[in-house]
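Topology and contacts: notes
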Amino acid sequence: MTVKELIVQLQALDNQDALVIIASGNANEWLIATSIIERDISPSPANPDFVVPGNGPGVEII
């Protein structure tokens, strides 16, 4: 699933105050999203797998 597909699915929920929980196939791996904050980000020069404050659009999932 892409991020865009996830956003469409979340926007379609009747209860927009619902708590979102995403789990992998491993029962010990969970992502619980309680809020999203828009941030300006850029890829990290030290490691492109990470981001740092910058000018590009991004979101922080809390």
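Above this text you will find the structure in question.
Since this is a predicted model, take the numbers as computed values, not measurements. One numbering rule holds for all chains: residues counted from 1, following each sequence as written. The predicted nature of this model means local features are confined to residues of pLDDT at least 70 and side-chain atom pairs, given and counted, to a pLDDT of 80 or more, with totals for whole chains, interfaces and linings taken over all residues. Side-chain measures were taken over the full set of non-hydrogen atoms in the model, leaving aside hydrogen atoms and water.

Here the focus is the overall build of the chain. Across its full length, the chain carries one helix and five strands. To qualify as a helix, a DSSP run of H or I must reach at least 4 residues; to qualify as a strand, a run of E must reach at least 2; elements of each kind are numbered from the N terminus. Taken from N to C terminus, the helices and strands of the chain fall in the order α-β-β-β-β-β. In terms of overall size, the chain is more extended than a compact globule, its C-alpha atoms giving a radius of gyration of 14 Å where 62 residues would be expected to give roughly 11 Å. Each of the three principal axes of the chain carries a C-alpha extent, and together these read 40 × 25 × 20 Å. When a residue's accessible area, from a 1.4 Å probe over protein chains only, is under 20% of the maximum for its type it is buried; when over 50% it is exposed; and in between it is partly exposed. When each of the 62 residues of the chain is scored for burial, the buried share is 6%. Whether two residues are in contact is decided by their heavy atoms: any pair within 4.5 Å suffices. Taking contacts inside the chain between residues at least 6 apart in sequence as the whole, the part at least 24 apart equals 15%. Computed by Shrake-Rupley with a 1.4 Å probe, the accessible areas treat only the displayed protein chains as cover when residues are assessed. With the model as given, the accessible surface of the chain reaches about 5,500 Å², and the carbon-plus-sulfur share is 58%. Throughout, radius of gyration means the C-alpha value; the globule benchmark is 2.2 Å times the number of residues raised to the power 0.38.

Here M1 lies in the segment before helix 1 (3-11). If we ignore the near neighbours within four places in the chain, the residues touching M1 are L6 and Q9.

When DSSP finds at least two bridges between two strands, those strands are taken to pair. Taken together, three strands build an open sheet; the order of strands is 4-3-5 and the sheet is antiparallel. Strand pairing shows two members of the sheet lacking a second neighbour, strand 4 (51-53) and strand 5 (56-61), which therefore form its edges. Each neighbouring strand pair of the sheet contributes to a mean axis angle of 65°, computed without reference to strand direction. Pairing analysis gives six bridges linking strand 3 (residues 36-43) to strand 5, with the strands arranged antiparallel. Following the sheet pairing, D40 is matched in strand 5 by P57. Axes, fitted as lines to C-alpha atoms, cover a helix only where it is in contact. Angles between the N-to-C directions of the axes lie from 0 to 180 degrees.

Let us now look at the side chain of S44. For S44, the location among the structural elements is in the loop between strand 3 and strand 4. What S44 contacts, discounting residues up to four positions off in sequence, is F50, V51 and V52.

Another aspect to go through is the layout of surface pockets. Grid points spaced at 1 Å and placed over the protein atoms alone form the basis of the search, with a cavity being a set where a 1.4 Å probe fits but cannot get out and a pocket an open set showing protein on both sides within 12 Å along at least five of seven lines. Lining residues have an atom within 4 Å of a point. Grid points are joined across faces, edges and corners, and a volume is the space filled by probe spheres set on the points. Taken as a whole, the largest pocket encloses approximately 570 Å³ of empty space. In terms of lining, the largest pocket is formed by 20 residues, of which the most central are L6, I7, L10, I36 and I61. When residues of the lining of the largest pocket are traced back to their parent elements, those giving at least two are helix 1, strand 1 (20-23), strand 2 (30-33) and strand 5. Ranked by residue count, the leading element in the lining of the largest pocket is helix 1, at five residues.

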